[in-house]
Amino acid sequence: MSDVAYSVDIDEFMDDMGRHKKMPSGKRRVSSREKTHVKEEKKDGKVVFFKVIAILFMIFLGIEAVIYAFLVPCFGIPRVEYKGLETISSDLLEEKLEPMATDSWNKFNPSRAVALLSTVSGIESVSVDKKFPDQVVISVRERVAVANSIVFENGRSKSVQIDENGVVFTANSDALAQDTSIPLVTGIPSENLVEGMRLPSKYRVLMEQISQIRSLPQKYFAVISEIQIVPKEFGNYELALYPAFSKVRVLTDPQLNEDAIKCMMVVLDVVNSIEADVSEVDLRYGSVSYKKNGASTEESIES
């Protein structure tokens, strides 16, 4: 036989041996692609973890913000807002609410507040509403004065007001004192002029009449400085009107209306043109008469 020559590449032989070499039992070689995939999964897991932490942190901040914005104020002193005040000062109402000054919004009792504020004579109606989280709204409807009057307390005179329903109240307002459409009514018994009290029905009728005249476009009470109630027998009364620009006293029936005031103005013009020294004009009982200063008898005027 002839000899055959074989040549073997050692590097290729070792590679082949490596490829065909068996891995230990239960293990296999991990490819580079698999390694890359594992790294990406770990990276994605970290991203998800931090996202969850961030979301939880934001939720915590949101809950804290809600607590401080809404829940904490509920347990603090409420913010009070007043509506409808014109002649009544907010300081007076705060003084009335002093027993509730330390109450939190959560414990603030609207019914109690209404009861305390209703003691203010110048308030006709009041409502108290709580608005979450820390606000209290107090809406006031003030009494509207149709007449002023005077009472005496401890030797001093005090101005009071009377509304259309005959309720006596006080309003600390310079505007009322300067309002010429609000007449001065005198002669009401002092026991009836108690702050917060309602006048007897016979005087309430007069207040309604005054209110009706004030609603007219003409300012009739600008020419009348005083309306005096003159008592009569059996509990009745008459009226004595004092014109603003005259010293003449005008007696009239208790029915006060626009026609009565117009008649008074016309009669005063006529009387002043006839006599210059007139002290009293009587328009009662459908007739017209007048009295001079110092005279004891009246002279009539034919209609």
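Model, not experiment: these values are computed from the prediction. Position labels on residues start from 1 in each chain and follow its written sequence. Since the coordinates come from a predicted model, pLDDT governs what is reported: local features require at least 70, and pairs of side-chain atoms require 80 or more to be given and counted, while whole-chain, interface and lining totals use all residues. Side-chain figures throughout are based on the complete set of non-hydrogen atoms in the structure, without hydrogens or water.

Draft legend 1. Representation of the environment of Gly196 within the structure. Put simply, DSSP H or I for four residues or longer makes a helix, DSSP E for two residues or longer makes a strand, and each gets a number counted from the N terminus. For Gly196, the position within the fold is in the loop between strand E7 (185–186) and helix H6 (201–214). Between the C-alpha atoms of Gly196 and Ile162, which are 34 residues apart in sequence, the distance is 9.7 Å. Leave out the neighbours within four places in its chain, and Gly196 touches Ser121, Val167 and Val168. The contact definition used throughout considers only heavy atoms, calling two residues in contact when any of these lie within 4.5 Å.

Draft legend 2. Molecular detail of the sheet that holds strand E5 (residues 156–163). Paired strands, in this sense, are two strands between which DSSP finds at least two bridges. The antiparallel open sheet is built from three strands, whose spatial order is E4-E5-E6. At either margin of the open sheet sits one strand with a lone partner, and together these are strand E4 (145–153) and strand E6 (168–169).

Draft legend 3. Examining the packing of aromatic side chains more closely. Classification of ring pairs rests on two measures: the distance between centres of Phe, Tyr or Trp rings, Trp counted by its six-membered ring, which must be within 6.5 Å, and the angle between planes, read as stacked under 30 degrees, edge-to-face over 60 and tilted in between. What the rule picks out here adds up to two aromatic pairs. Relative to Phe132, the ring of Trp105 has its centre 5.8 Å away and its plane inclined at 75°; by these criteria the two rings are edge-to-face. Taken together, the positions of Trp105 in the loop between helix H3 (90–96) and helix H4 (110–117) and Phe132 in the loop between strand E2 (123–131) and strand E3 (135–142) put the pair 27 residues apart, joining distant regions of the chain. Placement of a positive charge over a ring is assigned whenever Lys NZ or Arg CZ falls within 6 Å of the ring centre and within 35 degrees of the normal to the ring plane. Directly above the ring of Trp105 sits Lys130, whose terminal nitrogen or CZ lies 4.5 Å from the centroid.

Draft legend 4. Fine view of the pattern of salt bridges. The working definition used for a salt bridge is a side-chain nitrogen of Lys or Arg within 4 Å of a carboxyl oxygen of Asp or Glu. In the structure shown here, the tally under the stated rule is ten salt bridges. In this structure, Glu195 engages Lys158 in a salt bridge whose closest nitrogen and oxygen atoms are separated by 3.6 Å. Within this pair, whereas Glu195 is found in the loop between E7 and H6, its partner Lys158 is found in strand E5, the two being separated by 37 residues in sequence. With a relative accessible area of 41%, Glu195 lands in the partly exposed category. Relative accessibility under 20% of the residue-type maximum defines a buried residue, over 50% an exposed one, and the middle range a partly exposed one, all with a 1.4 Å probe and only protein chains included. By relative accessible area, which is 29% here, Lys158 ends up partly exposed. Ionic pairing is found between Glu280 and Arg249, a salt bridge with its closest N-O pair at 3.2 Å.

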